[in-house]
Amino acid sequence: MKKSNLLITVSSVLFSISIPTSMALDNIATAISAVALIVLLLLEGRKVFEEVDLKPLGILLTPQGVSSLVNPSLLVNLPKFTDINHHLFAYFVPFFEKRRFFIYILAITSTLSALSVLYPRISLFFKHHHSFGFFNNPLTTAGVLFVLFFLMLSECLRTKNPLFLFPSLFSVIAIFELLERSYYVAIFVFVIFAVLFFAIKSRKLAVLLFVLSIAGAWYFWHLPKYKARFLSSFQVKADSSIKDRLSIWLSYVKSFKEDYSLVHIFFGYGERCIELAKKHFPESFKQIRGRAPTQEDFKNHFLGGEAHNIYIKMFSKYGLFGLLGYLGFFGYVIAKNMRIFKPYSLVFASGYLGFLSAGFFENNFTDAEIQYALLFTIAYNLSLLKREVKDGISR
């Protein structure tokens, strides 16, 4: 038992270092946590899972598993049986690590990750040669930082420790610096719901958050590059990336209408969904841009066929059941937080709603680094709620 506990502790520390920094430790942490779970299973049997809230995973993975049985294209490629695979082990660690000192390590590495965006020399020191922090894609960086933002803010309210404000604040500033509009939307949705929830629970917190948000928005609005980036969201004719997304989304919609049988509507088309969307891309591209695409256009604007909309992706790959499973996964976690209805749980609920809003423009949930951060955060969140219930603390 002591050895398995040590393995869980080591795994939690490695995840706390690797999630914000993209250091090559997440796979090591996954392997160690897998070994720890096997040891716990051998020692305690199935009762070891009494510590873990498995319901959200069941809601998410069951439809994906059924879809994979229906679609041979998914079964052929077993690592893609679902969109989680080995990342799933990050979900178990926070339930078993009782000492929770890893959250302090995570606060330090989160601050470092945010600062590496604001001061690129930090990432260069760690031999990361790009201007958006430790990750090789600004959307990935923004997605990870957004998850860490609301995790740290929640921890600040839960523990009343102001030190957790620093990683939260730096993460928000770094997200604005990355100029990723999807997460501008996420922050906006987060603020709206957090203010509404706090207005019921704590008017002081609601007013404070509202005033700080208005002040922050006013500040960034008066900086030209942030204002221009925000306004570009409404300039469809001039923004190539918006046209790319519209062309791809339209391609998927056409494939739903013309290629999906009733079975595929319910269970999706598996890996073939991209192939079917590609068939409709020339027509969609022409509708959006007014000209037929060249081979170079396919390379530069089809973007590998990724939907850049997590809801379209879930529906196309796993069907209606898969999409409902994805929504049910978040619905369950949000409902659990709303039931406790404490300031820190309301921050978690608002954060998940913000994350869901960003999914209208990105495949954020299926990005490996973001998925590690999100699963680890959700597990930590649910473990806290479980302890609340055990302690007899209710609304």
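Residues numbered from 1 in each chain as written. Predicted model: local features only at pLDDT ≥ 70, side-chain atom pairs only at ≥ 80, totals over all residues. Heavy atoms only, no water.

Enquirer: Is there a simple way to explain the packing of helix α8 (residues 138-159) against helix α18 (residues 343-358) in this structure?
Expert: Interhelical geometry of α8 versus α18 gives an angle of 170° and a closest axis separation of 8 Å. Considering the angle they form, α8 stands roughly antiparallel to α18. Here Phe146, Val147, Phe150, Leu151, Leu153, Ser154, Leu157 and Arg158 of α8 come into contact with α18, specifically with Pro343, Tyr344, Val347, Phe348, Gly351, Tyr352, Gly354 and Phe355. Across the contact of α8 with α18, the residue classes tally to 12 nonpolar, three polar and one charged. (Axes fitted to C-alpha atoms, helices over the stretch in contact; angles between N-to-C directions. Helix = DSSP H or I, 4+ residues; strand = E, 2+ residues; numbered from the N terminus. Parallel < 35°, antiparallel > 145°, perpendicular 65-115°, else oblique. Contact = heavy atoms within 4.5 Å. Nonpolar A, V, L, I, M, F, W, Y, C, P; charged D, E, K, R; others polar.)

Enquirer: Looking at this model, I keep getting lost on α8. Mind explaining?
Expert: Since the α-helix packs 3.6 residues into each turn, any two residues three or four apart lie on the same face. The end-to-end C-alpha separation of α8 is 31 Å, in line with the 32 Å expected for 22 residues at 1.5 Å each. For α8, a buried count of 19 out of 22 residues is recorded, marking the element as mostly surrounded by other parts of the structure. (Expected span 1.5 Å × (residues − 1). Buried < 20%, exposed > 50% of the residue type's maximum accessible area, 1.4 Å probe, protein only.)

Enquirer: In this structure, what is going on with the packing of aromatic side chains? I would like to understand it.
Expert: Aromatic rings in a pair are described by how distant their centres are and how their planes are angled relative to each other. This structure, assessed with the given rule, holds 41 aromatic pairs. Ring geometry for Tyr260 versus Tyr269: centroids 5.1 Å apart, planes at 75°, classification edge-to-face. Taking the relative accessible area as the measure of exposure, Tyr269 reaches 14% and is therefore buried. (Phe/Tyr/Trp six-rings, centres within 6.5 Å; stacked < 30°, edge-to-face > 60°.)

Enquirer: Any chance you could explain the pattern of salt bridges here in plain terms?
Expert: It is possible for side chains bearing opposite charge to pair when their charged atoms get close. With the rule as written, the count across this model stands at 11 salt bridges. A salt bridge links Lys336 to Asp53, with the shortest nitrogen-to-oxygen separation between them at 4.0 Å. Within this pair, whereas Lys336 is found in helix α17 (residues 310-340), its partner Asp53 is found in the loop between α2 (26-44) and α3 (55-70), the two being separated by 283 residues in sequence. Residue Asp297 is joined to Arg291 by a salt bridge in which the shortest nitrogen-to-oxygen separation is 2.7 Å. (Salt bridge = Lys/Arg side-chain N within 4 Å of Asp/Glu carboxyl O.)

Enquirer: Honestly, the packing of α18 against helix α19 (residues 368-390) in this entry has me stumped. Any pointers?
Expert: For any two helices packed against each other, one specifies the crossing angle of their axes together with the interaxial distance. Running from amino to carboxyl end, α18 crosses α19 at an angle of 150°, the nearest separation of the two axes being 11 Å. Classified by the interaxial angle, the pair formed by α18 and α19 is roughly antiparallel. Remark: the crossing between α18 and α19 carries left-handed chirality. Judged by residue contacts, Tyr344, Ser345, Phe348, Tyr352 and Phe355 of α18 engage Ile370, Leu374, Thr377, Ile378, Asn381, Leu384, Leu385 and Glu388 from α19. The class makeup of the residues in the contact of α18 with α19 is nine nonpolar, three polar and one charged. (Left-handed = near helix turned anticlockwise from the far one by under 90°.)

Enquirer: What should I look at first to understand the confidence of the model for the protein in this one?
Expert: Interpreting fine coordinate detail is not advised for predicted regions of low pLDDT. When the pLDDT values of the protein are averaged, the result is 87; 91% of them are 70 or greater. Ranking the elements of the protein by mean pLDDT puts helix α4 (residues 72-76) last with 58 and α18 first with 97. (pLDDT = per-residue confidence, 0-100.)

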